[in-house]
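Architecture and fold: a report
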Amino acid sequence: MRRKEDFYEDDFYEDEEELDLMDLVFTLLRRWKLIVLIAAPVFALGVFFAITRPTVYKAEITMMVSSGRNFSASSLESGELSVNQKLVTTYAEIAKSKVILSNVIKKYDLLASLNELQGNVIIEPVGNTEFLKLTYKNGDAALAAAVVNEIGNEFMLKVREVMNFQNIKVVELAEIPKEALPKKRGLIIVISAVLSLMIGCMVAFIVEFFFCKLRKPKDIEKILGTSMLGMVPDFNLSLVDGGKDGE
């Protein structure tokens with residue numbers, strides 16, 4: 001059976017939790033101007049980024065890597081498939097080599113630097129298969145298709161030069177994309193709004209944490225470690241007001 005003092009203690013801690021929650025709410029209400037001042041530029045920056053997002057097209061070419069021996073689909077063994085999958089990973093690095101991308105930049109007079117082209121070219125295996133997919137993004141749909149096809153061609157020539165045999169086949173050439181990639185402006189604006197409010201609230205709590213003035217009796221009790229018995233009125237102010245009334 002619980003003692004009476006236990007109920008008082010539970011009620012005390014529940015009141016403390018409610019007060020702490022209200023303190024957070026009042027902190028946000030007190031610092032709303034600061035929150036708006038911090039959140040507005042962040043949100044405006046996100047909206048500007050969403051509106052000014054460029055139109056980008058993605059073209060991709062699919063290639064198949066084999067071990068170099070003649071085979072049919074019915075006679076392909078699991079051991080050879082494993083070897084071919086390892087070649088896919090190795091060739092993915094060759095396709096993004098500086099030599100291949102430099103030749104592509106020279107042929108099409110691309111304004112992008114070598115590092116920028118490497119960032120826009122994505123080469124990855126298709127699952128646990130022998131297929132290798134090369135993807136390139138550009139604001140010009142025709143140029144995106146032409147560049148990724150040229151990368152695939154240069155890639156096959158380089159492998160033939162290194163391996164002394166042709167073991168890469170083009171499965172599907174890149175076509176000129178008809179639709180641009182989604183800009184996701186709505187998602188960017190929503191993320192900007194949430195992020196701006198989070199930053200504004202965080203700054204408000206930091207400012208409140210370093211605020212040194214006492215606002216309420218609870219702050220005094222925390223400092224002194226004792227409970228407050230009552231409030232002492234300002235007698236000087238009372239006398240002044242009384243004197244004015246008497247006159």
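Read on for an overview of the structure. (Residues numbered from 1 in each chain as written. Predicted model: local features only at pLDDT ≥ 70, side-chain atom pairs only at ≥ 80, totals over all residues. Heavy atoms only, no water.)

1. A look at the pattern of salt bridges
- A complete count under the given rule lists two salt bridges for this structure.
- Ionic pairing is found between E60 and K133, a salt bridge with its closest N-O pair at 3.8 Å. One end of the pair, E60, is in strand β1 (residues 57–65); the other, K133, is in strand β3 (residues 131–138), with 73 residues separating them in the sequence.
- Residue K133 is classed as partly exposed on the basis of its relative accessible area of 24%.
- A salt bridge links K107 to E150; the shortest N-O distance between them is 2.9 Å. Residue K107 is found in helix α4 (residues 98–108), and its partner E150 is found in helix α6 (residues 141–163); the two are separated by 43 residues along the sequence. (Salt bridge = Lys/Arg side-chain N within 4 Å of Asp/Glu carboxyl O. Helix = DSSP H or I, 4+ residues; strand = E, 2+ residues; numbered from the N terminus. Buried < 20%, exposed > 50% of the residue type's maximum accessible area, 1.4 Å probe, protein only.)

2. Side note on the packing of helix α2 (residues 32–51) against helix α7 (residues 185–209)
- Orientation of α2 relative to α7, taken along the N-to-C sense of each, is 160 degrees, at an axis distance of 8 Å. Regarding the angle of α2 to α7, the classification is roughly antiparallel. As α2 runs across α7, the sense of the crossing is right-handed.
- Looking at the contact of α2 with α7 residue by residue, the class counts come to 19 nonpolar, four polar and one charged. (Axes fitted to C-alpha atoms, helices over the stretch in contact; angles between N-to-C directions. Parallel < 35°, antiparallel > 145°, perpendicular 65-115°, else oblique. Left-handed = near helix turned anticlockwise from the far one by under 90°. Nonpolar A, V, L, I, M, F, W, Y, C, P; charged D, E, K, R; others polar.)

3. Things to note about unusual backbone geometry
- The residue D109 is not glycine, and still its phi comes out positive at about 50 degrees.
- Here D109 is to be found in the loop between α4 and α5 (114–120).
- Positioned with a positive phi, K184 is a non-glycine residue whose angle comes to about 55 degrees.
- Counting through the fold element by element, K184 comes out in the loop between β4 (168–172) and α7.

4. Regarding the side chain of S192
- Of note, S192 is situated in helix α7.
- At 2.7 Å, the side chain of S192 and the backbone oxygen of I188 are in polar contact.
- Once residues within four sequence positions are removed from consideration, S192 is found in contact with F43 and G46. (Polar contact = N/O pair within 3.5 Å; in protein donor to acceptor, adjacent residues only side chain to side chain. Contact = heavy atoms within 4.5 Å.)

5. Section: the environment of A39
- By the element assignment, A39 lies in helix α2.
- Measuring from C-alpha to C-alpha, the distance between A39 and S192 comes to 9.2 Å, with 153 residues separating the pair along the chain.
- Contacts of A39, omitting those with residues within four sequence positions, involve S196 and L197.

That is the geometry; function is a separate question.
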